[in-house]
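Per-entry structural report
Given next are the chains, with one letter for each unit.
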Amino acid sequence: EAQVTQNPRYLITVTGKKLTVTCSQNMNHEYMSWYRQDPGLGLRQIYYSMNVEVTDKGDVPEGYKVSRKEKRNFPLILESPSPNQTSLYFCASSPRGSATEAFFGQGTRLTVV
Amino acid sequence: AQSVAQPEDQVNVAEGNPLTVKCTYSVSGNPYLFWYVQYPNRGLQFLLKYITGDNLVKGSYGFEAEFNKSQTSFHLKKPSALVSDSALYFCAVRARSGGSQGNLIFGKGTKLSVKP
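Rules of the game
Residues numbered from 1 in each chain as written. Chains lettered and ligands numbered in written order. Predicted model: local features only at pLDDT ≥ 70, side-chain atom pairs only at ≥ 80, totals over all residues. Heavy atoms only, no water. Disulfide = S-S within 2.5 Å. Helix = DSSP H or I, 4+ residues; strand = E, 2+ residues; numbered from the N terminus. Buried < 20%, exposed > 50% of the residue type's maximum accessible area, 1.4 Å probe, protein only. Contact = heavy atoms within 4.5 Å. Buried area = accessible area lost by both parts, 1.4 Å probe. Salt bridge = Lys/Arg side-chain N within 4 Å of Asp/Glu carboxyl O. Polar contact = N/O pair within 3.5 Å; in protein donor to acceptor, adjacent residues only side chain to side chain.

Here we take up the state of the cysteines. Applying the stated criterion across every chain yields a total of two disulfides over all chains. Two residues share a disulfide in this structure: A:Cys23 and A:Cys91, whose sulfurs sit 1.9 Å from each other. Here the S-S torsion is close to -70°, and the disulfide linking A:Cys23 with A:Cys91 is therefore left-handed. Here A:Cys91 lies in strand β9 (residues 87-94) and A:Cys23 lies in strand β3 (residues 19-25), a separation of 68 residues in the sequence. Bridging B:Cys23 to B:Cys91, the disulfide has an S-S length of 2.0 Å. Looking along the S-S bond of the B:Cys23-B:Cys91 disulfide, the torsion reads about -65°, which is the left-handed sense. Linking B:Cys23 in the loop between β3 (19-21) and β4 (24-26) with B:Cys91 in strand β10 (residues 87-94), this pair joins segments that are 68 residues apart in sequence. For B:Cys91, a relative accessible area of 0% corresponds to the buried category.

The following block contains the structure:
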């Protein structure tokens, strides 16, 4: 089954404790991205990657890091999480080309206390 | 700046009645246009897209959307709403070319509530 898998689905952590949210897709897509969803703000892009070893900042990259060492994986790293990073996070992938729709993971609800 | 507007935070409809969820955009050129739906505790699911051609696009679950270039709008419609259509709907656009090719810009979402 074609899918984007995120782990974990839920995470509660403390301020400053490094964490990684994993994202993996099995569709051989070139393009992957991370979004955060907050009430009243919709989805905002954090980082994206157009292919292996090619990453770039989205609209809200502060406090986040990503890497793209393999085509299928695109982890999101919070080196020192803060409470304002409490949010619902989505990973998405899509094939090359602007006309293609994106496939989304199930989401990771992160709470930083 | 490129943007997508969904002017209604919430749309309430009675089951069986037609529904419309509005979307307007401000993106240079002729962007690709998308609608996604999000059910509670789920990721976003693709509904339909406009690439080119006929201004009326048909998608999943009986939804359709009408592209209007002069009004830069892409409203989502369904002739007869179901209670199960209750969800959060997002309009999104993507530029056809440029350095950020692939970057989806989302509206803030519209919560659709269909009452029996």
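Let us look at the interface of chain A and chain B. Across the boundary between the two partners, chain A contributes 24 residues, which contact 25 residues of chain B. Overall, the association of chain A and chain B removes approximately 1900 Å² of surface from exposure, summing both partners, and the carbon and sulfur fraction of that is 49%. Here chain A is connected to chain B by one salt bridge. Its salt-bridge partner being A:Glu101, residue B:Lys49 comes within 2.9 Å of it at the nearest N-O pair.

Here we take up unusual backbone geometry. The amide bond that connects A:Asn7 to the next residue, A:Pro8, takes the cis arrangement and shows omega of -5°. Positioned with a positive phi, B:Thr72 is a non-glycine residue whose angle comes to about 45°. As for its position among the elements, B:Thr72 is in the loop between β8 (64-68) and β9 (73-78). For B:Thr72, a relative accessible area of 29% corresponds to the partly exposed category.

Residues and elements named next belong to chain B. Relative to the assigned elements, Gln-45 resides in strand β6 (residues 44-50). Along the primary structure Gln-45 and Gln-6 are separated by 39 residues, whereas in three dimensions their C-alpha atoms are 18 Å apart. Ignoring sequence-local partners within four residues, the contact set of Gln-45 consists of Trp-35, Tyr-36, Val-37, Tyr-39 and Tyr-61. A polar contact of 3.4 Å, which involves the side chain of Gln-45, links it to the side chain of Tyr-61.

Turning our attention to the side chain of B:Lys78. All names here are of chain B. Mapped onto the secondary structure, Lys-78 falls in strand β9. The exposure class assigned to Lys-78 is buried, which follows from its relative accessible area of 7%. Within the local environment of Lys-78, its side chain forms a polar contact with the backbone oxygen of Tyr-61, the two atoms lying 3.1 Å apart. Once residues within four sequence positions are removed from consideration, Lys-78 is found in contact with Asn-17, Pro-18, Leu-19, Tyr-61, Gly-62, Phe-63 and Asp-85.

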